[in-house]
Amino acid sequence: MYQEDRLPQNPKEGVLFMLIISILSVNMIAPIIVGMDRGFSVAHYVVTLKIIPFAWLALMILIRFIVKPIVGILFKRLAGETDGFNARILLNIVLNVSIISFFMTIIGPWIGMGEINVDTLQHFFPTWFRNFGIAFWVELLFAQPIARAVMKSIHVRNRLKTA
């Protein structure tokens with residue numbers, strides 16, 4: 001069976017792939033969202049850096065137990081058997097970012113404020129669309145391509161070692 005060099009080919013690579021994407025994403029998306037909410041400043045960035053580990057942990061739990069199963073079901077229903085690599089990757093990004101941004105739009109402010117607040121729900125839809133847009137472009141232009149490039153370099157290096 002053909003295996004794509006740009007994707008993980010075993011569980012160890014899968015963990016590395018997810019770590020690269022999640023660390024890049026959370027370190028780019030969170031500061032941008034906080035900057036858009038409160039203004040871009042060093043003080044706000046420092047506060048964001050203190051919150052990022054908790055947001056990352058929430059993100060990992062969310063992905064493992066909620067997002068991954070939902071995306072798996074939706075992807076099987078929406079992806080065509082003849083779809084190419086880029087179409088499948090784009091669908092995967094859209095599904096993941098949609099669901100993650102949906103939940104993190106609610107959970108993220110709760111983590112940042114340290115309390116559960118209904119304000120998050122009152123302003124959900126405009127905030128969610130903005131957060132989705134930010135996350136989508138970060139994933140599409142930075143996090144995913146970097147993670148795929150790392151996977152490809154690992155596979156090329158492994159082939160060169162065995163040759």
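What counts and how
- In this numbering scheme, every chain counts its residues from 1 along its sequence in written order.
- With the structure being a predicted model, the display of local features is reserved for residues of pLDDT at least 70 and the display and counting of side-chain atom pairs for 80 or more, all residues being used for whole-chain, interface and lining totals.
- Neither water nor hydrogens contribute to the side-chain values; these are computed over all heavy atoms in the structure.
- Think of it this way: any DSSP run of H or I at least four residues long counts as a helix, any run of E at least two long counts as a strand, and we number them from the N terminus.
- We call a residue buried when its accessible area falls under 20% of the maximum for its residue type, exposed when it is over 50%, and partly exposed in between, using a 1.4 Å probe and counting protein chains only.
- Contacts are assigned to residue pairs with any non-hydrogen atoms lying within 4.5 Å of each other.
- In short, Shrake-Rupley with a 1.4 Å probe defines the accessible areas, and a residue's cover is counted only from the protein chains shown.
- This count recognises Lys and Arg as positive and Asp and Glu as negative, with His and chain-terminal groups excluded.
- Lysine's charge is taken at NZ, arginine's at CZ, aspartate's at CG and glutamate's at CD.
- Whenever a carboxyl oxygen of Asp or Glu lies within 4 Å of a side-chain nitrogen of Lys or Arg, that contact is scored as a salt bridge.

Student: In this structure, what is going on with the overall build of the protein? I would like to understand it.
Tutor: Scanning the protein for helices and strands turns up 5 helices and 0 strands. Secondary structure elements of the protein occur, N-terminal to C-terminal, as α-α-α-α-α. When the backbone C-alpha atoms are referred to their principal axes, the protein occupies close to 55 × 35 × 25 Å. Classification of the 163 residues of the protein by burial places 34% in the buried group. Contacts in the protein between residues far apart in sequence, at least 24 positions, make up 71% of those at least 6 positions apart. Of the roughly 10300 Å² of accessible surface on the protein, 70% is carried by carbon and sulfur atoms. Side chains of the protein carry 15 positive and 9 negative charges; the gap between the two charge centres is 7 Å.

Student: I tried to follow the pattern of salt bridges on my own but got confused; where do I start?
Tutor: Charged atoms that come close allow side chains of opposite charge to pair. For the structure shown, the criterion picks out 3 salt bridges. Residue Arg 159 pairs with Asp 5 through a salt bridge whose shortest N-O separation is 2.6 Å. Taken together, the residues Arg 159 in helix 5 (residues 124-162) and Asp 5 in the segment before helix 1 (11-38) connect sequence positions 154 residues apart. With a relative accessible area of 16%, Asp 5 lands in the buried category. The partner of Asp 37 in a salt bridge is Arg 130, with the nearest N and O atoms 2.8 Å apart. Of the two residues, Asp 37 sits in helix 1 while Arg 130 sits in helix 5, which places them 93 residues apart along the sequence. Assessed through its relative accessible area of 22%, Arg 130 is described here as partly exposed.

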